[in-house]
Amino acid sequence: QVQLVESGGGLVQAGGSLRLSCAASGRTLSSYAMGWFRQAPGKEREFVAGTSWGAITTYYADSVKGRFTISRDNAKNTVYLQMNSLKPEDTAVYYCAARGLVTFARVYDSPSEYDYWGQGTEVTVSS
């Protein structure tokens with residue numbers, strides 16, 4: 001079992017930055033593929049960013065490319081999402097997710113491909 005807890009959300013003005021953290025317990029995340037998703041009111045959960053087992057590959061939704069960065073700190077068993085140049089359309093609840101059965105260098109971009117989820121952290125970007 002993997003338990004994931006997101007933190008770092010909040011209210012920020014357009015153009016600002018936030019760093020979301022996903023702290024894990026129960027298992028070491030170094031062998032897991034990790035992803036960040038977001039869900040706005042009335043919308044389906046949307047892929048934001050993912051990183052493969054071994055952190056060889058990263059992949060981003062077109063809407064966040066060049067602005068967001070996913071990274072790992074294996075020593076802290078934590079995954080981060082650095083969000084820069086935030087836009088009002090980035091407003092959503094952000095979730096981190098982990099997948100245990102993985103292929104080397106593969107990134108997973110569908111919610112159904114992940115096994116474990118955090119509780120979410122809310123990000124609001126004002127204009």
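Criteria and thresholds
Residues numbered from 1 in each chain as written. Predicted model: local features only at pLDDT ≥ 70, side-chain atom pairs only at ≥ 80, totals over all residues. Heavy atoms only, no water. Helix = DSSP H or I, 4+ residues; strand = E, 2+ residues; numbered from the N terminus. Buried < 20%, exposed > 50% of the residue type's maximum accessible area, 1.4 Å probe, protein only. Lys, Arg positive; Asp, Glu negative; His and termini not counted. Salt bridge = Lys/Arg side-chain N within 4 Å of Asp/Glu carboxyl O. Polar contact = N/O pair within 3.5 Å; in protein donor to acceptor, adjacent residues only side chain to side chain. Pairing = 2+ DSSP bridges. Axes fitted to C-alpha atoms, helices over the stretch in contact; angles between N-to-C directions. Patch = residues over 30% accessible without salt bridge, like charges linked within 9 Å, V, L, I, M, F, W, Y side chains within 5 Å. Areas by Shrake-Rupley, 256 points an atom, 1.4 Å probe, with all protein chains shown as cover. Disulfide = S-S within 2.5 Å.

**With respect to the environment of Ser-112**
Here Ser-112 lies in the loop between strand S9 (92–99) and strand S10 (116–117). Spatially, the C-alpha atom of Ser-112 lies 11 Å from that of Arg-45, the residues being 67 residues apart in sequence.

**As for unusual backbone geometry**
In this model, Asn-77 sits at a positive phi of 55°, which is unusual for a non-glycine residue. Position of Asn-77 relative to the elements: it lies in the loop between strand S7 (68–73) and strand S8 (78–83). Here Ser-85, not a glycine, exhibits a phi torsion of approximately 50°, which is positive. Among the structural elements, Ser-85 can be located in the loop between S8 and S9. Taking relative accessible area as the criterion, Ser-85 reaches 41% and is therefore assigned partly exposed.

**A closer look at the side chain of Glu-6**
Mapped onto the elements, Glu-6 comes out in strand S1 (residues 3–7). Nearest to the buried, unbridged Glu-6 among oppositely charged side chains is Arg-45, at 7.4 Å. In terms of polar contacts, Glu-6 uses its side chain to reach the backbone amide nitrogen of Cys-96, at 2.8 Å.

**Concerning the sheet that holds S1**
The four strands are arranged S1-S3-S8-S7 in an open sheet whose pairing can be described as antiparallel. The outermost strands of the open sheet, each flanked by one partner alone, are S1 and S7. Direction aside, the axes of adjacent strands within the sheet are offset by 15° on average. Of the strand pairs in this sheet, S7 and S8 are connected by six bridges, and their pairing is antiparallel. From the neighbouring strand, Thr-69 faces S8, where its bridge partner is Gln-82.

**Considering a nonpolar patch on the surface**
Residues Trp-53, Ile-56 and Phe-104 make up a contiguous nonpolar surface patch of about 320 Å² in total accessible area. In this fold, Ile-56 is placed in the loop between strand S5 (46–51) and strand S6 (58–60). Of the residues examined, Ile-56 reaches a relative accessible area of 54% and is grouped as exposed.

**Side note on the state of the cysteines**
Tallying each qualifying case throughout the model produces one disulfide. Bridging Cys-22 to Cys-96, the disulfide has an S-S length of 2.0 Å. Given an S-S torsion of about 60°, the disulfide between Cys-22 and Cys-96 has right-handed geometry. In this pair, Cys-22 sits in strand S3 (residues 18–25) while Cys-96 sits in strand S9, placing the two residues 74 residues apart along the sequence. Note on Cys-22: relative accessible area 0%, which makes it buried. Using a relative accessible area of 1% as the deciding quantity, one classes Cys-96 as buried.

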